[in-house]
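Each chain, letter by letter, is given below.
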Amino acid sequence: MIDKRSFESLGGADHGWLKAKHHFSFADYYDPSRMGWGALRVWNDDEIAPNSGFPPHPHQNMEIITYVRSGAITHQDSMGNQGRTEAGDVQVMSAGTGVRHAEYNLEPEITRIFQIWILPREAGGQPSWGAKPFPKGDRSGRFVTLASGFADDKDALPIRANARVLGATLKAGESVTHSVGEGRHAYLVPAAGAITVDGDAVNARDGAALSGGRTVTITAVQDAEIVLVDSE
């Protein structure tokens, strides 16, 4: 089964400095049919105005992955970490027993991010943060693991969930496959471009929820940049 969620159907909020679209129930947006997909709890499509951002606030017991689509995000947290993550790159934060962090757009342009939250395999643990560049050319025509809770994904950023965050770039006409294991859940969003998933059209910033026990073929209708989460 493929459950498509068009960008126009997503919940959202406009705070002036932040324009957000929510693939799942979040903050003041509540849809009982969109509470998450497996361990994937949040997928927010955020546009952050220049010289603004999220002031310090707390989290605990959540794996938080930030995929920067354009611009850059600057991170600060109560562990003393600081970092700037640019377009195409990824940062992860394991909130563990509790952490405060801030995310600012200090650029002269709008920053666009996907903010992805995944439930950890177990509660607690020391909070941690990390970031890493992932050149889009390295993902050409194939999925690359960006963040993973599996030890054999040595080049990926570590998270504490039985999940992977994957990225791929496809030229128009190129295809890639992804196998969703029995009992697992996959959710994909084209950050840019347009694709088909087993022939079903999925446009930029639409979501597609994929059930386990199948292999899907993803074909680019236009040059496309794809982010996919595969979780319990």
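Heads up: these notes are all about the structure in this document. (Residues numbered from 1 in each chain as written. Predicted model: local features only at pLDDT ≥ 70, side-chain atom pairs only at ≥ 80, totals over all residues. Heavy atoms only, no water.)

1. Description of the overall build of the chain
- When its secondary structure is counted, the chain shows zero helices and 22 strands.
- The C-alpha atoms of the chain give 16 Å as radius of gyration, which agrees with the globular expectation for 232 residues (17 Å, within 12%).
- Principal-axis analysis of the C-alpha atoms gives the chain an extent of 45 × 40 × 35 Å.
- In the chain, which comprises 232 residues, the proportion classed as buried is 52%.
- Contacts in the chain between residues at least 24 apart in sequence constitute 72% of all its contacts with a sequence separation of at least 6.
- Just so you have it, the chain exposes about 9,900 Å², and 49% of that area is on carbon and sulfur atoms.
- Mean positive and mean negative side-chain charge positions of the chain (22 and 29 charges, respectively) differ by 0 Å. (Helix = DSSP H or I, 4+ residues; strand = E, 2+ residues; numbered from the N terminus. Rg over C-alpha atoms; globule rule 2.2 N^0.38 Å. Buried < 20%, exposed > 50% of the residue type's maximum accessible area, 1.4 Å probe, protein only. Contact = heavy atoms within 4.5 Å. Areas by Shrake-Rupley, 256 points an atom, 1.4 Å probe, with all protein chains shown as cover. Lys, Arg positive; Asp, Glu negative; His and termini not counted. Charge placed at Lys NZ, Arg CZ, Asp CG, Glu CD.)

2. What about the sheet that holds strand β14 (residues 157–158)?
- Sheet architecture is open: seven strands sit in the order β1-β20-β17-β22-β15-β13-β14, paired in mixed fashion. In this open sheet, the two edge strands, each paired with only one partner strand, are β1 (2–5) and β14.
- Sheet topology places strand β15 (residues 164–170) next to strand β22 (residues 224–231); seven bridges connect them, and they run antiparallel. Within β22, the residue paired with L166 across the bridge is L228. (Pairing = 2+ DSSP bridges.)

3. Let's talk about the pairing of strand β20 (residues 207–211)
- Among the five residues that make up β20, four are buried, leaving the element largely enclosed by the rest of the structure.
- Alignment of β1 against β20, held across four bridges, turns out to be antiparallel. Bridged to D3 within β20 is A209.
- Inspection of the sheet shows strand β17 (residues 185–192) paired to β20 by four bridges, in the antiparallel sense. Counted as the bridge partner of A186 is L210 from β20.

4. Description of the sheet that holds strand β16 (residues 175–180)
- Taken together, the four strands give an open sheet; going across it, the order is β16-β21-β18-β19, and neighbouring strands pair in antiparallel fashion. Of all the strands in the sheet, the pair left with one neighbour each is β16 and β19 (200–203). This sheet shows a mean twist of 30 degrees between the axes of neighbouring strands, independent of strand direction. (Axes fitted to C-alpha atoms, helices over the stretch in contact; angles between N-to-C directions.)

5. Description of the side chain of S52
- Turning to its location among the elements, S52 is positioned in strand β5 (residues 52–59).
- Judged by its relative accessible area of 15%, S52 is buried.
- A distance of 2.6 Å separates a polar atom in the side chain of S52 from the backbone oxygen of A49.
- Those residues in contact with S52, other than ones at most four positions away along the chain, are W17, Y104 and N105. (Polar contact = N/O pair within 3.5 Å; in protein donor to acceptor, adjacent residues only side chain to side chain.)

6. A few points about the packing of aromatic side chains
- Under the definition given, this model contains six aromatic pairs.
- Taken together, a centroid distance of 5.2 Å and an interplanar angle of 80 degrees make the contact between W17 and F54 edge-to-face. With W17 in the loop between β2 (11–14) and β3 (18–22) and F54 in strand β5, the pair connects residues that are 37 residues apart, well separated along the chain.
- An angle of 65 degrees between the planes, with centres 5.6 Å apart, marks the rings of W43 and F114 as edge-to-face. With W43 in strand β4 (residues 40–48) and F114 in strand β11 (residues 111–118), this residue pair connects regions lying 71 residues apart in the sequence.
- Assessed through its relative accessible area of 0%, F114 is described here as buried. (Phe/Tyr/Trp six-rings, centres within 6.5 Å; stacked < 30°, edge-to-face > 60°.)

7. Some words on the layout of surface pockets
- Considering only enclosed or pocket space, the largest pocket measures out at about 430 Å³ in volume.
- L18, F26, N44, F54 and Q115 are the residues nearest the centre of the largest pocket, which is lined by 28 residues in total.
- Counting only elements with at least two residues in the lining of the largest pocket, the list comes to β2, β3, β4, β5, β6 (63–70), β9 (90–94), β10 (99–105) and β11.
- Element by element, the count of residues in the lining of the largest pocket is highest for β5, at four residues.
- In the lining of the largest pocket, the residues fall into 15 nonpolar, 10 polar and three charged. (1 Å grid on protein atoms, 1.4 Å probe; cavity = no way out; pocket = protein on both sides within 12 Å on 5 of 7 lines; lining within 4 Å. Points joined across faces, edges and corners; volume = space filled by probe spheres on them. Nonpolar A, V, L, I, M, F, W, Y, C, P; charged D, E, K, R; others polar.)

8. Looking at the pattern of salt bridges
- Following the criterion strictly, the structure yields 12 salt bridges and no others.
- In this structure, D230 and R184 form a salt bridge, with 2.7 Å as the shortest nitrogen-oxygen distance. In this pair, D230 sits in strand β22 while R184 sits in the loop between β16 and β17, placing the two residues 46 residues apart along the sequence.
- A salt bridge links R214 to D198; its shortest N-O distance comes to 2.5 Å. Residue R214 is found in strand β21 (residues 214–220), and its partner D198 is found in the loop between β18 (194–197) and β19; the two are separated by 16 residues along the sequence.
- Salt bridges here are not isolated pairs; linked through shared partners, they connect D45, E47, R69, R112 and R205. (Salt bridge = Lys/Arg side-chain N within 4 Å of Asp/Glu carboxyl O.)

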